[in-house]
Amino acid sequence: MPELSVLVFASVAVFLGALVQGSLGVGLALVSAPVVQIAAPSLMPGSLLLVAAVLAALGAVREISHTDWHGVSWAMAGRIVGTVAASYVILVVSVSTLDLLSAGITLGVVSLLAFDPARLPKNRGTLIASGAVAGLTGTTSSIGGPFIALVYHQEPGPRIRGTLSVFYTAGTLLSLGSLTVVGRLPSEQLAFGAMLLPAVVAGFALSGPVRRRVDGGGRMRNGVLVLAVVAALVLLVRGLVAIVTG
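For clarity, every value in this text was computed on a predicted model and none was experimentally measured.

> Got a sec to walk through the environment of Ile148? Specific residues and values, please.
Assignment of secondary structure puts Ile148 in helix H7 (residues 145-151). Sequence separation between Ile148 and Ala134 is 14 residues; the distance between their C-alpha atoms is 6.9 Å. Setting aside chain neighbours within four positions, we find Ile148 in contact with Ala75, Leu127, Ser130, Leu164, Phe167 and Tyr168.

Structure, rendered in structure tokens:
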């Protein structure tokens, strides 16, 4: 099991990530994945996927009445394809390559949206595509949220949080099952993830007052775009570091 210092650092990161995601609908893996990856790389991605599943379930219960079920169904179709592909890709392609590819796609999409928000419509094609990318990167690195979030960037806050929470709940469980099937989910990862759950619950509980502040006035959309850029930079740096040190 990890040292106490590792658990403390990871718990703080997960707490902050849960606070952000409870407010914006996305952000857990973005905030906590780099910390856990550095502190305990052998416990990734399973530990964070378990944490993400629990947080997403809490969010779904809180705002399920705002869920876009039609959108979730198409996004999940893509997520299934992406997750199945990840089970194979993770065995033959380096994670660093996937990180760099995902970063490039995200930065490209955000650049378009910054100048013309209508350039990424919410339709069947974009939902399936974003779900597939989320399934691929979410399974391999636990960071898959920004892609589907960008499709919903113009929706009201409750709509974004409710829809993404349902999508993440089903998607993370699918990713955990996929890793189990290919033998890439050791029990140590699940045990460490369980130890992080109190931090998740605490961060989610404190996100209640914060989410009411970010709704409206364009703050929700801007928050999603900023998080997507940060996620891309995290993936870009991590991919480059892995290539240089590998």
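> Please give an account of the pattern of salt bridges that cites residues and values.
Counted under the stated rule, the structure contains five salt bridges. Two residues, Glu155 and Arg159, come together in a salt bridge whose shortest N-O distance is 4.0 Å. The class for Arg159 is partly exposed, based on a relative accessible area of 30%. Residues joined by salt bridges that share partners form a network here, namely Asp68, Lys122, Glu155 and Arg159.

> How would you sum up a nonpolar patch on the surface? Please name residues and give values.
On the surface, a cluster of nonpolar side chains totalling about 360 Å² of accessible area is made up of Leu4, Val8, Val12 and Leu16. Along the chain, the position of Leu4 falls in helix H1 (residues 4-24). Under the relative-accessibility criterion, Leu4 is labelled exposed at 64%.

> Any chance you could break down unusual backbone geometry for me, citing the residues and the numbers?
Here the amide bond leading from Met44 into Pro45 is cis, since omega sits at 0°, within 30 degrees of zero. Inspection of the secondary structure puts Pro45 in the loop between helix H2 (28-39) and helix H3 (46-63).

> Could you give an account of the packing of H1 against helix H11 (residues 219-245), with specific residues and numbers?
Their axes nearest at 10 Å, the elements H1 and H11 cross at an angle of 135°. Taken together, the axis directions place H1 and H11 in an arrangement best described as oblique. Across from Val20, Ser23 and Leu24 in H1, the residues of H11 making contact are Met220, Gly223, Val224 and Leu227.

> For the UniProt feature "transmembrane region" (unreviewed entry) in the protein chain, give the residues involved together with the corresponding values.
When the UniProt feature table is mapped onto this chain, "transmembrane region" (unreviewed entry) is found at residues 38-61, 82-115, 127-152, 164-183, 189-210 and 222-244. Here residues 38-61 runs as 75% helix and 0% strand, with 32 Å between its end C-alpha atoms. Summarising residues 164-183: 90% helix, 0% strand, and an end-to-end C-alpha distance of 28 Å.

Rules of the game
- Residues numbered from 1 in each chain as written.
- Predicted model: local features only at pLDDT ≥ 70, side-chain atom pairs only at ≥ 80, totals over all residues.
- Heavy atoms only, no water.
- Helix = DSSP H or I, 4+ residues; strand = E, 2+ residues; numbered from the N terminus.
- Contact = heavy atoms within 4.5 Å.
- Salt bridge = Lys/Arg side-chain N within 4 Å of Asp/Glu carboxyl O.
- Buried < 20%, exposed > 50% of the residue type's maximum accessible area, 1.4 Å probe, protein only.
- Patch = residues over 30% accessible without salt bridge, like charges linked within 9 Å, V, L, I, M, F, W, Y side chains within 5 Å.
- Areas by Shrake-Rupley, 256 points an atom, 1.4 Å probe, with all protein chains shown as cover.
- Axes fitted to C-alpha atoms, helices over the stretch in contact; angles between N-to-C directions.
- Parallel < 35°, antiparallel > 145°, perpendicular 65-115°, else oblique.
- UniProt positions renumbered as here; feature names shortened; annotations may be inferred.

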